[in-house]
Structures are given as C-alpha cells and as structure tokens.
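Residue-level structure breakdown
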Amino acid sequence: MKYCKRCVQPDTRPKIKFDQSGICFACKFTEERKSVDWGKRENDLREIVSWTKKRSNGSHDCVIGISGGKDSTVQALFAKEKMGLNCLLVNLAPDGITKWGAHNIENLIQHGFDTMLYRPNPKVWKKLIRYSFYKYGNPVKPTEYPLWAVSYITALRHKIPLIVQGDNAGVTVGVTEGLGHDDNALNVNLGNTLDGGNASDWVVEGITLKELLWYQFPDKEELRKADIRAIYLDYYIKEWGHWSNTDFSVKRGLTKRENHDPLLAGRMNPYCSIDSDAQIINQLLKYYKFGFGFVTDETSYAIREGRMTRQEAIGLVEKYDGKCGENYIKDFCEYIDIPIDEFWRVTDGFVNKRLFEKDPKTGKWIPRFKVGVDFNEKE
Ligand SMILES: [Zn+2]
C-alpha cells in the first residue's frame, strides 16, 4: 500500500495510477488545471451552446441528471444561468430517500426547472442491493446504473441534443482507464462505477431484463446517430471542486444532514451524499476492502483545492475514516432483511486481511497500516 506524496490517496483504489515520483493522477490533473487556457475553454463552451440551440428545435436544450446534491445544484444552475440553456432535469429517486435528499431536490426544482421524476421498482431495487452486498460487498453498485442511464435514455427518447454531467471521475479521482480526462461524457459507462453499464449484469435473483429497462445504458452507436453530445462541466468550470461546489450550493439553498457526526457518518462534509444512507454503509465496506473510506477522498479533495495540508488530512483520516454508526448498520440490515451478525459475517469475508487484523480482545478489525505511510502488505 503506497500513498500519494501530495494527497492521502492510496494505490489500493482499483485502477488508480501514480506517476514515477509517487504522485497520483488526480493530483497531477489538478496541477495541469493551473496551466489551462480557461478563456479558450469558455469559447469552446459557447460553441457547444450554439451547436445545442441549433439542434434543440422544439425540445429542451439539455438533460441533467440530478440528485439535488452539491454537484447537481452547480450543474443545473450553471447550465441555466451561465449557458442560458432550457434544461430538463431528471431525477431518479433512491428507494428510502432521506428527508434531506427530498428537500434538496425540491430546492433545486424551485429555482425554476422542468423536471422528470423517475421512480424505479422498489422491490427490484431492494433485491439488487441485497444481492450486490453479498456478491461484491458493495450495496450501491446496481443503483448507480439507473442513476446514470436515465439521462441518456431521456435525451434519446425526447431528442434532446445535450447531456450535462458534473465531473469526470477519471480526473477527480485519477482513474483514467476508459474515461479519458477530457469533456466527453458519452464514455461514462466505461468507468469503474458502471463497468460497461449493461443491465444484463443484474439479471439475478429472478429479476428479468424487462424489469431493468432504466438500468441499461443506451447503445453508443444509437447516441451517435441521434447526434447527442454529453459533456463534463468540470472541464469548463475553473472553480469546480468538492468543497467549492458545496460552498456554492449552500448559498443556493442546499441543506445538510441534521445532527451530522463524522464519527457516525464516516465523512466530514454534512452536505455530501445525503439522499441515501446506503452510501454510508458502502464507504464502511470500501474501507475494509481497500483500506480507505470517504474521509480519504474528501480530505484529498481539500488538499487539491488548497484548503488543507497533508498533515491535517492524515489526522482527520485517522480519526474518522471507516467509521459507521450502529444505527446505519441496523437500518441497512432491516432494509435487506438480515440479522446484524449476518452483516458482520459477510463483511468479514470482504475484509482485506493484508491490511487489517482482528483485535483478539474486542473482535474488531484494526488497521495494520498507518495513514499516509507506505506499507508493505506482505510483511
Ligand atoms: Zn494525490
């Protein structure tokens, strides 16, 4: 396990790349952004807007998939106010959406948008979460498919020329494989999250393909033939970032999780991923599988945005990463209908035993590594 010399990202993230001097690609891209000709990008964006308006005859100009969170608030308001586009928002509500998530969607819509609300079959949703927890130790994997796919499905069906996405994960976390690091968001299904984006991956537990229509990422050829374009806004917005998007969106009415406690939520930012508690469980599992959770991500963003030193980040990661309140685990177990000791039995199977060892006294997994310090897993 090696850590980036600049941020606190470890090389245990699947498909992450580091350069020869031990800097992760997310930090390298941040460095590169300093020498970008932003005036040129602004002109390029203006051309995209005029291209879009020529084609949107009788339809909306663009589709934006929103969760109502910090990034989608920036996306929608930027597209409307700075690009002057007539936007169609699409929201696919997670089953068991939190009240804060519902509030934030409504807040964004009230800024003046047409919106389509998708509500996928909750029985299928629940079955998939349970299946994916057992199979991959990742309960949210299947839910990412429709969250991303519906924007593309909607654009195709309603002949809307442009899809506006937020950030390119290739750039944000430094995993370039399949994603590239430009503005082209037609390849979003090739990233680690969607693994190709084929609904057939989820024909399991008696679920049929017909029940997964919104889980299918449209055929690339079909999108090309329809002359649909999809862009990442982080390519065009100099100020784009985890924490700066939060600041922007809070000013525009974004609400936070009440009684937020980083020791229970395993994250510092009370405004992030608050529409579903399943993300909190997923970060706990990620921590045991790869030795890092969401605090590693958010402090690394803060370092790259110039808001935190690496030393401060290490302290916060040590304190909060991988933490998860028992109430979240209990709720999750009730949701997928398993006892709590079954949750830990399954989780134990996913724990990376090169990175963690069990404390014989407490029975809890404790890290063998020290945050920010390169560690030989074979020792
Ligand atoms: Zn880094």
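Further up the page is the structure itself.
Note that the coordinates shown come from a computational prediction; the quantities given were computed from them, not determined experimentally.

By the definition in use, this model includes 21 salt bridges. Ionic pairing is found between D19 and K28, a salt bridge with its closest N-O pair at 3.3 Å. Here R307 ties to E305 by a salt bridge, and the two come within 3.5 Å at their closest N and O atoms. Taking relative accessible area as the criterion, E305 reaches 26% and is therefore assigned partly exposed. Connected through salt bridges with shared partners, the residues R6, E31 and K34 form a single ionic network.

Each protein donor to the zinc ion is listed here as C4 (SG), C7 (SG), C24 (SG) and C27 (SG); together their distances run 2.3 Å. Metal-centred angles of 103 to 114° between the four donor atoms at the zinc ion mark the site as tetrahedral. Here the donor residues of the zinc ion are spaced in sequence according to C-x2-C-x16-C-x2-C. Here the residue C7 occupies a position in the segment before α1 (25-33), and C27 occupies one in helix α1, the gap between them amounting to 20 residues. Looking at C7, the relative accessible area reads 0%, which means it is buried.

Okay, helix α14 (residues 326-336) next. Listing the buried residues of α14 in full gives Y328, I329, F332, C333 and I336. Each buried residue of α14 lies within a common arc of 130° when the element is viewed along its axis, so the set occupies one face. Of the exposed residues in α14, those oriented more than 90 degrees away from the buried face are E326 and E334. Here the buried face of α14 lies against α5 (122-136), α10 (262-265), α11 (278-290) and α15 (340-350). With its phi angle positive at about 60°, D337 sits one or two positions after the end of α14.

All right, on to the packing of aromatic side chains then. One pass over the structure, following the stated rule, counts 16 aromatic pairs. On the numbers, 5.0 Å between centres and 75° between planes, the contact of Y235 with Y236 is edge-to-face. Here the aromatic residues F133, Y134, F332, F343 and W344 are joined through ring pairs into a cluster of three or more. Taking NZ or CZ as reference, R41 lies 3.6 Å from the ring centre of Y235, over its face. Positioned over the ring face of Y136 is K141, at 5.5 Å from the centre of the ring.

As a further point, take the environment of A313. Checked against the element boundaries, A313 lands in helix α13 (residues 310-320). Residues A313 and V371, 58 residues apart in the sequence, show an inter-C-alpha distance of 9.5 Å. The residues touching A313, leaving out its near neighbours within four places in the chain, are V8, T299, I303 and M308.

Criteria and thresholds
- Residue indices follow the written sequence of each chain, beginning from 1 at its first position.
- Totals for whole chains, interfaces and linings use every residue, but because this is a predicted model, local features are given only for residues with pLDDT of at least 70 and side-chain atom pairs only at 80 or more, for both listing and counting.
- Side-chain measures were taken over the full set of non-hydrogen atoms in the model, leaving aside hydrogen atoms and water.
- Salt bridges are defined as contacts in which a side-chain nitrogen from Lys or Arg sits within 4 Å of a carboxyl oxygen from Asp or Glu.
- Buried means the residue's accessible area, taken with a 1.4 Å probe over protein chains only, is under 20% of the maximum for its type, while exposed means over 50%, and partly exposed covers the values in between.
- The donor set comprises N, O and S atoms within 2.8 Å of the metal, extended to 3.2 Å for Na, K and Ca; water molecules are omitted, so apparent gaps in a site may simply reflect that omission.
- All geometry calls rest on donor angles, where a four-donor set with angles between 85 and 135 degrees is tetrahedral, four- and six-donor sets with opposite donors more than 155 degrees apart and all others between 65 and 115 are square planar and octahedral, and all else is irregular.
- A run of DSSP states H or I qualifies as a helix once it reaches four residues; a run of E qualifies as a strand once it reaches two. Both are numbered from the N-terminal end.
- The arc in question is the one spanned by the directions pointing from the helix axis to the C-beta atoms.
- In this analysis, two residues are considered to be in contact whenever any of their non-hydrogen atoms come within 4.5 Å of each other.
- Side-chain rings of Phe, Tyr and Trp (the six-membered ring for Trp) are treated as a pair once their centres are within 6.5 Å; stacked means planes under 30 degrees apart, edge-to-face means over 60, and tilted covers the remaining angles.
- Lysine and arginine charges are scored as sitting over a ring when NZ or CZ, respectively, is within 6 Å of the ring centre and within 35 degrees of the ring normal.

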